[in-house]
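Architecture at a glance
Listed below are the residues making up each chain.
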Amino acid sequence: MPSRWTLRSERMEDWTELVKAGKFEDAEPLLLAATAEPDGYGGETVTRAEFYEEWGDSLCPDVEAELKFRQSWSYWARFASWATTGGEGTARMMDVNRVLEKIEALAEE
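Residues numbered from 1 in each chain as written. Predicted model: local features only at pLDDT ≥ 70, side-chain atom pairs only at ≥ 80, totals over all residues. Heavy atoms only, no water.

Quick notes on the confidence of the model for the protein
What counts, and what does not: The pLDDT score gives, residue by residue, the confidence of the prediction method on a 0 to 100 scale. The criterion used for residue contact is that any of the two residues' heavy atoms lie within 4.5 Å.
Summing up the model confidence of the protein, the mean pLDDT is 87 and the portion of residues at 70 or higher is 88%. A low-confidence stretch, residues 1–9 stays under pLDDT 50, and its non-local contacts, those more than four residues away or across chains, total seven contacts.

Written out as C-alpha cells, the structure reads:
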C-alpha cells in the first residue's frame, strides 16, 4: 500500500506536468488537492503562491494576470505573516513585494 507521501508526490507530479505544458487551468484543481494538507512549515502555501505567480506571468499583460497575481500575493503575505523573527519576515516580504510590483506594473499599462 502506498504511503500518504507517495500519493501526495504522485498528485504533485500530475499538476506540475500540466504547468510545464502551460495548462494552468487544468492544473489548478490538482494543485489545490495536492496541497490541501498543511505540512507544518508553510510548504503548501508557498507552492500555491508560486503557482499563481507563474500563472500570472504566463498571462501578462492580460487583465486576468492581475487576478492571479492577487491570489499569489495573498499566499505570499500569509506565509510572511508566519515569520518568527524580523530577518525572516524581511526576507519573506521580498516575495510579497515582488508580486505587488507586478500588480502595480499592470495597473500602469
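Once you've had a look at it, read on.
What about the packing of aromatic side chains?
Two numbers describe a pair of aromatic rings. These are the distance of the centres and the angle of the planes. The condition that has to hold: Side-chain rings of Phe, Tyr and Trp, where Trp is taken by its six-membered ring, are said to pair if the distance between their centres is within 6.5 Å; with planes under 30 degrees apart they count as stacked, over 60 as edge-to-face, and otherwise as tilted. Going along the chain from the N terminus, every DSSP run of H or I of four or more residues is numbered as a helix, and every run of E of two or more is numbered as a strand. Classification of residues uses two cut-offs on accessible area relative to the type maximum, computed with a 1.4 Å probe and protein chains only: under 20% is buried, over 50% is exposed, and between them is partly exposed. As a reminder, the over-ring test applies to NZ of lysine and CZ of arginine, requiring each to be within 6 Å of the ring centre and within 35 degrees of the ring normal.
Under the defined criterion, the tally for this structure stands at eight aromatic pairs. Where Phe 51 meets Trp 55, the ring centres are 5.6 Å apart and the plane angle is 65 degrees; that geometry is what we call edge-to-face. In this pair, Phe 51 and Trp 55 are both assigned in helix H3 (residues 43–59), four residues apart and thus about one turn of the helix distant. By relative accessible area, which is 3% here, Phe 51 ends up buried. A residue is classified by how much of its surface remains accessible, and Trp 55, at 8% relative accessible area, is buried. One aromatic cluster in this structure is built from Trp 15, Phe 24, Phe 51, Tyr 52, Trp 55 and Tyr 75. Lying across the ring of Phe 79, Arg 92 places its NZ or CZ 3.8 Å from the centre.

Comments concerning the nonpolar core
The condition is simple: Nonpolar cores were defined as sets of buried Ala, Val, Leu, Ile, Met, Phe, Trp, Tyr and Cys residues, with membership established by side-chain atoms within 4.5 Å.
If you look at the biggest cluster of nonpolar residues, it comprises 21 residues, and the most contacted ones within it are Trp 15, Val 19, Phe 51, Phe 69 and Trp 76. Elements that contribute at least two residues to this core include exactly helix H1 (4–20), helix H2 (24–34), H3, helix H4 (64–81) and helix H5 (86–108). Among the elements that take part in this core, H4 stands out by supplying six residues, more than any other. Residues in contact with Phe 51, not counting those within four places in the same chain, are Trp 15, Val 19, Phe 24, Ala 27, Glu 28 and Leu 31.

Digging into the packing of H2 against H3
Quick note on the threshold: Lines fitted to C-alpha atoms define the axes, with helix axes restricted to the stretch in contact, and inter-axis angles between N-to-C directions lie between 0 and 180 degrees. These descriptions rest on fixed angle ranges, namely under 35 degrees for roughly parallel, over 145 for roughly antiparallel, 65 to 115 for roughly perpendicular, and the rest for oblique. Here the nonpolar group is Ala, Val, Leu, Ile, Met, Phe, Trp, Tyr, Cys and Pro; Asp, Glu, Lys and Arg are the charged ones; every other residue, Gly included, is treated as polar.
Where H2 contacts H3, the axes come no closer than 11 Å and their chain directions differ by 175 degrees. Considering their axes alone, H2 and H3 lie roughly antiparallel with respect to each other. Across from Phe 24, Glu 25, Ala 27, Glu 28, Leu 31 and Leu 32 in H2, the residues of H3 making contact are Thr 47, Arg 48, Phe 51, Tyr 52, Glu 54, Trp 55 and Ser 58. Taken together, the residues of the contact of H2 with H3 sort by class into seven nonpolar, two polar and four charged.

Topic: the side chain of Glu 53
Note the following rule: Pairing of N or O atoms within 3.5 Å defines a polar contact, subject to two protein rules: one partner must be a possible hydrogen donor and the other a possible acceptor, and residues neighboring in sequence count only if both atoms are side-chain atoms.
With respect to the helices and strands, Glu 53 occurs in helix H3. For Glu 53, the side chain forms a polar contact with the side chain of Lys 102, separated by 2.8 Å. Setting aside residues up to four positions removed in sequence, Glu 53 forms contacts with Phe 69, Ser 72, Trp 76, Arg 98, Val 99 and Lys 102.

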